[in-house]
Amino acid sequence: MSSETSPHKPRVAVVFGGRSSEHAISVLTAGAVLRAIDREKYDVLPIGITTDGRWALTADDPERMAIADRQLPTVAALAESTEGAVVLPVDPTNREVVYSEPGSVPKALGEVDVVFPVLHGPYGEDGTLQGLLELSGVPYVGSGVLASAVGQDKDYMKRVFTSFGLPVGPYEVIRPREWEKDPAAARRKIVDFAGEHGWPLFVKPARAGSSMGITKVDDLGGLDEAIEEARRHDPKVLVESLLRGREIECGVLEFEDGPRASVPAEIPPVTAHDFYDFEAKYIDSADGIVPAPLSDEQTAKVQELAVAAFEAASCEGLVRADFFLQDNGEFVINEINTLPGFTPISMYPRMWQESGVSYPELIDRLLQAALQRSTGLR
């Protein structure tokens, strides 16, 4: 342990930002996490990743990591330098973080005991960062490489859930080469899907989140534009049928005796938006209902399904599981998020708050679990 760091206080690197379209949401999450970490118990090192992939030393200033006048925050605005870079050695015998700037002697920032990644989307939530940390031998909060990758790719997520007998809604996938080589055939495939399941359809990136790139398509006329919008975020496109019913979410948190589910929440219909899109989530902030007004039987069922989804994807630490409660009374899993948002209006911490786990306690539990978990095969 570096002399700069108390041996009794684990050092937490909070890594945020990133190269995905969810960069700003990650910064919002980081601000909330930094605000909640117990500074009497942990030393904290904020590290932001810019949209071009540079690891930057950033100000430990949660107040600047917020939406101001409907403008989203960025790592570039928080970075202490436009050129300086933070380097985490890919060496399990050395956890010394180094900061370097052109023309200057590299500066040792001390060792890191655990990483709290609050990155959303590709290059952070999808197993890529988790793989780097595995190589470095640094413990981290959340799921490992496989579960992170499965949780990011909605195509393979649904395949895994189906293989475990969990209920998923109808969907179709347009892979990159399908659209690039024969868009007419890909279009016919979607039209056939609509013929079976009806319009409208939701066209979305297969590996994005925060409602980025999603379009509700009412007929064939809007299909091409919707596909191109999804492909701006991911060349692999997911097409889903409309599931009529209520949107229900449930948090899963790993305790000493295994994963447990929180009380569920409900996302009410958003009257100003076609669906629960980016603006509704983060700027206009639709109010989720916690706990969801469900019967005891419905609550128990969605909690059971949330934990089953956590286990099916081999998740660790935390997951937010999203469901539709259909008009026929059956639950369908929409998706899981292995690194759900921790913004002040995010549902995951709100559900656990209502379940008796405060926000600071939630952060502490996740960090302690990560510190006790080894890297590598487990």
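So, here is what we can say about the structure in this document. (Residues numbered from 1 in each chain as written. Predicted model: local features only at pLDDT ≥ 70, side-chain atom pairs only at ≥ 80, totals over all residues. Heavy atoms only, no water.)

## Here's the deal with the sheet that holds strand β6 (residues 107-111)
Note: strands within a sheet are paired through backbone hydrogen bonds, in either parallel or antiparallel orientation.
Now for step 1: Strand order in this open sheet of three strands is β4-β5-β6, and the pairing throughout is antiparallel. Edge strands, defined here as strands with exactly one partner in the open sheet, are β4 (85-87) and β6. Each strand of the sheet is rotated relative to its neighbour by a mean of 25°, with strand direction disregarded.
Now for step 2: Two elements, β4 and strand β5 (residues 96-100), share three bridges in a ladder whose sense is antiparallel. Across the sheet, residue V87 finds its bridge partner in β5, namely V98. (Pairing = 2+ DSSP bridges. Helix = DSSP H or I, 4+ residues; strand = E, 2+ residues; numbered from the N terminus. Axes fitted to C-alpha atoms, helices over the stretch in contact; angles between N-to-C directions.)

## Here we look at the sheet that holds strand β8 (residues 171-174)
Now for step 1: Strand order in this open sheet of four strands is β8-β11-β9-β10, and the pairing throughout is antiparallel. Each edge of the sheet is formed by a strand with only one pairing partner; in this case those strands are β8 and β10 (215-217). Going from strand to strand, the sheet's axes swing by 25° on average, the running direction of each strand aside.
Now for step 2: Note: strand β9 (residues 201-205) against β10, three bridges, orientation antiparallel. Along β10, the bridge assignment pairs L201 with V217.
Now for step 3: Its contacts with the sheet place helix α7 (residues 183-197) against β8, β9 and β11 (237-241), and it is angled at close to 175° to β8. (Contact = heavy atoms within 4.5 Å.)

## Overview of the pattern of salt bridges
Now for step 1: The full count for this structure, using the stated rule, is 27 salt bridges.
Now for step 2: Close ionic contact of E172 with K189 constitutes a salt bridge, the shortest N to O distance being 3.7 Å. Note that E172 is positioned in strand β8 and K189 in helix α7, a separation of 17 residues in sequence.
Now for step 3: Among the residues examined, E172 registers a relative accessible area of 24% and is labelled partly exposed.
Now for step 4: The class for K189 is partly exposed, based on a relative accessible area of 24%.
Now for step 5: Close ionic contact of E316 with R373 constitutes a salt bridge, the shortest N to O distance being 3.5 Å. Taken together, the positions of E316 in the loop between α10 (296-312) and β15 (318-326) and R373 in the segment after α12 (359-372) put the pair 57 residues apart, joining distant regions of the chain. In terms of burial, E316 and R373 fall into one category: buried.
Now for step 6: Three or more residues joined by partner-sharing salt bridges are found here, namely E134, E254, E316, R373 and R378. (Salt bridge = Lys/Arg side-chain N within 4 Å of Asp/Glu carboxyl O. Buried < 20%, exposed > 50% of the residue type's maximum accessible area, 1.4 Å probe, protein only.)

## Regarding the packing of aromatic side chains
Now for step 1: Applying the stated criterion to the full structure yields five aromatic pairs.
Now for step 2: Ring geometry for F116 and F342: centres 6.2 Å apart, planes at 90°, overall edge-to-face. Taken together, the residues span a long stretch of sequence, with F116 in strand β7 (residues 114-117) and F342 in the loop between β16 (331-337) and α11 (347-354) at a distance of 226 residues. Of the two residues, F116 and F342, both sit in the buried class.
Now for step 3: Through a chain of ring-to-ring contacts, the aromatic side chains of F116, F342, Y348 and Y359 assemble into a single cluster.
Now for step 4: For the cation-ring pair, K158 lies above Y171, with the distance from its terminal atom to the ring centre recorded as 5.6 Å. (Phe/Tyr/Trp six-rings, centres within 6.5 Å; stacked < 30°, edge-to-face > 60°. Lys NZ or Arg CZ within 6 Å of the ring centre and 35° of its normal.)

## Comments concerning the pairing of β6
Now for step 1: As paired elements, β5 and β6 share four bridges and run antiparallel to each other. Its bridge partner being in β6, E96 is matched across the sheet by E111.
Now for step 2: Once β5 ends, the chain turns through six residues before running back antiparallel as β6, passing G103 with a positive phi of about 80°.

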